[in-house]
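Coordinates in review
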Amino acid sequence: MKHLIAPSLLAADFSNLKKDVEMINQSEADWFHLDIMDGVFVPNISFGIPILESIKPLAKKPFDVHLMITDPDRYIEAFQKAGADIYNVHYEACNHLHRTVQSIHASGMKAGVTLNPHTPVALLEDIVADLDLVLLMSVNPGFGGQKYIQNTYSKVAQLKELILKKNSRALIEVDGGVDNSNAKQLIDQGADVLVAGSYIFKSANPMETIAGLKSL
Ligand code: DX5
Ligand code: ZN
């Protein structure tokens, strides 16, 4: 499978979101990556359901929603109604992850589980077969524009091995500090989806930057 590109709107121009949504529509990007932060699970607050609702009618690609919030079970239905296609919860935020994954599937969304940089891949052994996606954080979640953590390469390789061993359909997504210095190596290790925020939106020509990531 050709790898997918998911631009993170966290780095978009919030005073003119429509323009950036349309840019992504026209670009070679595959998904919208939407970072939801509650100021409790992570030390930052981003945006929430009203923003998803207002951009959903404009957007022509799936919504990959990354929930950096405590107790994400509470909002499964609300985000599904607001247009989420993939509901990505943090392993560290769920006490009953198996139940959470079942609830996400029951709502009609794809289920993703995200691991913080310190959380070992092996902890997914008994859940990976039920997942559509695993998101590996390559920075500590909470902010865009941070430096990529090198240890992520080996986590991608370990996760790939676990997915094959367990016959899982899960895609491997990497998020944080992704740019042209690490993207190729991540794909070579087995990454299926690359999230990029600053690298795309701070570049002179975001459409070309997306095309560059897609062509690797
Ligand atoms: C970080 C978010 C990321 C972030 C990526 O907590 O989950 O999606 O927006 O931004 P860059 O690509 O700038 O690291
Ligand atoms: Zn994210």
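You'll find the structure just up there.
A brief look at the structure comes next. The numbers attached to residues start from 1 for each chain and follow its sequence in the written order. Whichever chain is written first becomes A and whichever ligand is written first becomes 1, with later ones labelled in order. Residues qualify for local features only when their pLDDT is at least 70, as the model is predicted, and side-chain atom pairs are given and counted only at 80 or more; totals for whole chains, interfaces and linings, by contrast, use all residues. Values shown for side chains rest on all heavy atoms present in the structure; no hydrogens or waters enter the calculation.

Re the pairing of strand β5 (residues 110-115)
- The element β5 is largely enclosed, with a buried count of 5 among its 6 residues.
- Each pair of strands is called paired provided DSSP finds at least two bridges between the two strands. To qualify as a helix, a DSSP run of H or I must reach at least 4 residues; to qualify as a strand, a run of E must reach at least 2; elements of each kind are numbered from the N terminus. One ladder, built from 5 bridges, connects strand β4 (residues 86-90) with β5; its direction is parallel. Of the residues in β5, the one forming a bridge with tyrosine 87 is alanine 111.
- Every crossover in which the path from the first strand over the helix to the second runs clockwise, viewed with the strands pointing away from the viewer, is termed right-handed. As a crossover connection, the stretch from β4 through helix α4 (residues 97-106) into β5 is right-handed.
- The sheet contact formed by β5 and strand β6 (residues 133-137) spans 4 bridges and is parallel. Bridged to threonine 114 within β6 is leucine 135. Relative accessibility thresholds used throughout: buried, under 20% of the residue-type maximum; exposed, over 50%; partly exposed, between the two (1.4 Å probe, protein chains only).

Description of the coordination of the zinc ion (ligand 2)
- Excluding water, the donors of a metal are its N, O and S neighbours within 2.8 Å, or within 3.2 Å for Na, K and Ca, and that exclusion means sites may look incomplete. On the protein side, the zinc ion (ligand 2) has His33 (NE2), Asp35 (OD), His66 (ND1) and Asp175 (OD) as donor atoms, found 2.0 to 2.3 Å from it.
- Square planar and octahedral assignments, for four and six donors respectively, both demand that opposite donors be over 155 degrees apart and that all other angles lie between 65 and 115; tetrahedral needs four donors with all angles between 85 and 135 degrees, and anything else is irregular. Classification of the site at the zinc ion (ligand 2) rests on its 6 donor atoms, whose angles at the metal span 70 to 168°, yielding the label octahedral.
- Summarised as a motif, the one-chain spacing of the donors to the zinc ion (ligand 2) is H-x1-D-x30-H-x108-D. Here aspartate 175 lies in strand β7 (residues 171-175) and histidine 33 lies in strand β2 (residues 32-37), a separation of 142 residues in the sequence.

Regarding the pattern of salt bridges
- Salt bridge, as applied in this entry: a Lys or Arg side-chain nitrogen positioned within 4 Å of an Asp or Glu carboxyl oxygen. Counted by the stated rule, this structure contains 9 salt bridges.
- Through salt bridges with shared partners, a single ionic network connects Glu125, Lys165 and Lys166.

Describing unusual backbone geometry
- Positioned with a positive phi, aspartate 71 is a non-glycine residue whose angle comes to about 45°.
- Looking at where aspartate 71 falls in the secondary structure, it is placed in the loop between β3 (63-68) and α3 (76-82).
- Look at aspartate 71 and you get partly exposed, because its relative accessible area is 36%.
- Despite not being glycine, asparagine 167 has its phi angle at roughly 55°, a positive value.
- Its place among the elements puts asparagine 167 in the loop between α5 (152-165) and β7.

Some thoughts on the site of ligand 1
- For ligand 1, the set of nearby residues contains 20 residues, the closest of which are Asp35, Gly142, Asp175, Gly197 and Ser198.
- We call two N or O atoms a polar contact when they sit within 3.5 Å, provided that within protein one can donate a hydrogen and the other can accept it, with sequence-adjacent residues counted only if both atoms are side-chain atoms. Between ligand 1 and glycine 145, the relevant distance is 2.8 Å, taken from an oxygen atom to a main-chain nitrogen or oxygen of the residue.
- Glycine 177 is positioned such that a nitrogen or oxygen atom in its backbone is 2.8 Å from an oxygen atom of ligand 1.
- The fraction of the free accessible surface of ligand 1 (380 Å²) that becomes covered by protein chains is 98%.
- Only protein atoms enter the calculation, which uses a 1 Å grid: trapped sets of points that fit a 1.4 Å probe without letting it out are cavities, open sets showing protein on both sides within 12 Å along at least five of seven lines are pockets, and any residue with an atom within 4 Å of a point is a lining residue. If over half the atoms of a molecule are within 2 Å of the grid points of a cavity or pocket, the molecule is regarded as sitting in it. When atoms are counted within 2 Å of each cavity's grid points, the one that captures over half of ligand 1 is the largest pocket. Near residues are defined by distance, with any heavy atom within 4 Å of the molecule or strand qualifying the residue. Computed by Shrake-Rupley with a 1.4 Å probe, the accessible areas treat only the displayed protein chains as cover when residues are assessed.

Some thoughts on the pairing of β7
- When you tally the buried positions in β7, you get 5 out of 5 residues, the bulk of the element.
- Of the two faces of β7, the one lined by Leu171, Glu173 and Asp175 and the one lined by Ile172 and Val174 are each fully buried.
- As paired strands, β6 and β7 are joined by 5 bridges and run parallel to one another. Each residue of the ladder has a partner; that of leucine 135, found in β7, is glutamate 173.
- The parallel pair β6 and β7, bridged by α5, forms a crossover whose chirality is right-handed.
- Looking at chain direction, β7 and strand β8 (residues 193-196) are connected through 3 bridges and run parallel. The residue of β8 that forms the bridge with valine 174 is leucine 194.
- Following the chain from β7 across helix α6 (residues 183-189) to the adjacent parallel β8, one finds a crossover that is right-handed.

By themselves these figures say nothing about function.
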